[in-house]
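Descriptive analysis of the structure
One letter stands for each residue in the lines below.
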Amino acid sequence: MKTNKLVLSTLLLNLFIAFLGIGLVIPVTPTIMNELSISGTVVGYMVSAFALAQLIVSPIAGRWVDNIGRKPMIIIGLLIFSISEFLFGIGQTVEVLFASRILGGISAAFIMPAVTAYIADITTTSSRPKALGYMSAAISTGFIIGPGIGGFLADISTRLPFFFAAGFGLFATILSLITLTEPNRSYEVEEKHQPLPKSGFKRIFSPMYSIAFMVIFISSFGLAAFESLFALFVDHKFGFTAKDIAVIISLGAIVGVIFQVGLFDKLTRWFGEIRLIRYSLLVSTSLVMVMTFVSSYWSILLVTMLVFVGFDLMRPAVTTYLSRIAGNEQGFAGGMNSMFTSLGNIFGPIVGGILFDIDLNYPFYFATIVLGAGIALTYLWKRPAFSEPKRQE
């Protein structure tokens, strides 16, 4: 079956809308923090609450994606996302903000495995890297436009971006309900294909999965410490405004999208997923440390853009690798991807937030060390020596 371009376009549009909503609120975080007198440690716990909810729900959601279907999970996830953003907009206490983040984590656990599995269903193994690159680009593009809009909306009201995010999420829900249909999930296995490990928890520890999941955890751990504290870092150290933060994040995301759309497919073919992940981590890890030494606006902008490029190439490369080996259990692979990402997102912001309250630079030192461990791990990672499952044409 050839790739359904209309369905893929709709799916990417929905992802763009959802992450546009998330991007809207990024520049406003320091302002909300100051309004409610929230410390960096509490912000770290708040981000981790999102990840903890995603962690707990992801394994279950991954099974539901395979058993219930891709479309229902996407629709429910988008609806929960809309509710979570609305709650954050009306929240005047830390407890309400935490409840909002928990719902946000649940929505992410529903949406991402379902979308990844949906794309795997409607693509062939040769066209999948490009489609997954487009998926990452749609996410990044949402972040490009989102912070810019959020920064300007914040001038009107600090809560207005959250209501816009809720509206975008509701629109994406309705759009998915109308346009998406449940995809065909018929796969066949080549004759010499080595049997995959049995389903269940033990499959996580199979050789073809274990190192990939460890790399996801370690990279997410270090990245979360960087991303969750970046806005606070430039706000406290350089006095950047919400608009300044919006511009830096937006330009970084633009460069990332250019690489994802224009080069990701080619880079994957040239290097393979594992080496591309290694090189991307090398670039980003080096520049996270450089961030503590730069001081001018333009140097911060350049370093941030290149850091984002590295991570924007790494994440779809990991997803592509997992989709190649998952066969009929795309939901399982997506759910585990989400779960191990959540594990890193739980502990990274907590440690980063605590370190931020001690010294502004410490979260970046910490991220560099953790990401360096991820680079070392990629040298132990080998692609499984068997023919991969093919989807029936």
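Residues numbered from 1 in each chain as written. Predicted model: local features only at pLDDT ≥ 70, side-chain atom pairs only at ≥ 80, totals over all residues. Heavy atoms only, no water.

A few words now on the pattern of salt bridges. The final tally for this structure, using the stated rule, is three salt bridges. Where Asp-66 meets Arg-70, a salt bridge forms, and the shortest distance between an N and an O atom there is 3.2 Å. You'll find Asp-66 and Arg-70 in the same group, each marked buried. When the shortest N-O distance is used, the salt bridge between Arg-70 and Asp-121 registers 2.6 Å. Residue Arg-70 is located in helix α4 (residues 70–90), and its partner Asp-121 is located in helix α5 (residues 94–121); the two are separated by 51 residues in the primary sequence. (Salt bridge = Lys/Arg side-chain N within 4 Å of Asp/Glu carboxyl O. Buried < 20%, exposed > 50% of the residue type's maximum accessible area, 1.4 Å probe, protein only. Helix = DSSP H or I, 4+ residues; strand = E, 2+ residues; numbered from the N terminus.)

The subject of this paragraph is empty space enclosed by the protein. Following the criterion strictly, the structure yields two cavities of 30 Å³ or more and no others. Leu-11, Asn-14, Leu-15, Ala-18, Ile-74, Leu-78, Ile-111 and Val-115 are the residues that line the second largest cavity. Sorting the residues of the lining of the second largest cavity by element identifies α1 (5–24), α4 and α5 as the ones contributing at least two each. Among the elements that make up the lining of the second largest cavity, the one with the highest residue count is α1 (four residues). Here the residues of the lining of the second largest cavity are counted per class, giving seven nonpolar, one polar and no charged. (1 Å grid on protein atoms, 1.4 Å probe; cavity = no way out; pocket = protein on both sides within 12 Å on 5 of 7 lines; lining within 4 Å. Points joined across faces, edges and corners; volume = space filled by probe spheres on them. Nonpolar A, V, L, I, M, F, W, Y, C, P; charged D, E, K, R; others polar.)

Turning next to a nonpolar patch on the surface. Judged by side-chain polarity, Leu-79, Ile-83, Leu-170, Ile-174, Leu-177 and Ile-178 come together as a nonpolar surface patch covering roughly 570 Å² of accessible area. Listed by contribution, the elements that provide at least two residues to the nonpolar patch are α4 and α7 (160–179). For the nonpolar patch, the leading source of residues is α7, giving four residues. By the element assignment, Leu-177 lies in helix α7. (Patch = residues over 30% accessible without salt bridge, like charges linked within 9 Å, V, L, I, M, F, W, Y side chains within 5 Å. Areas by Shrake-Rupley, 256 points an atom, 1.4 Å probe, with all protein chains shown as cover.)

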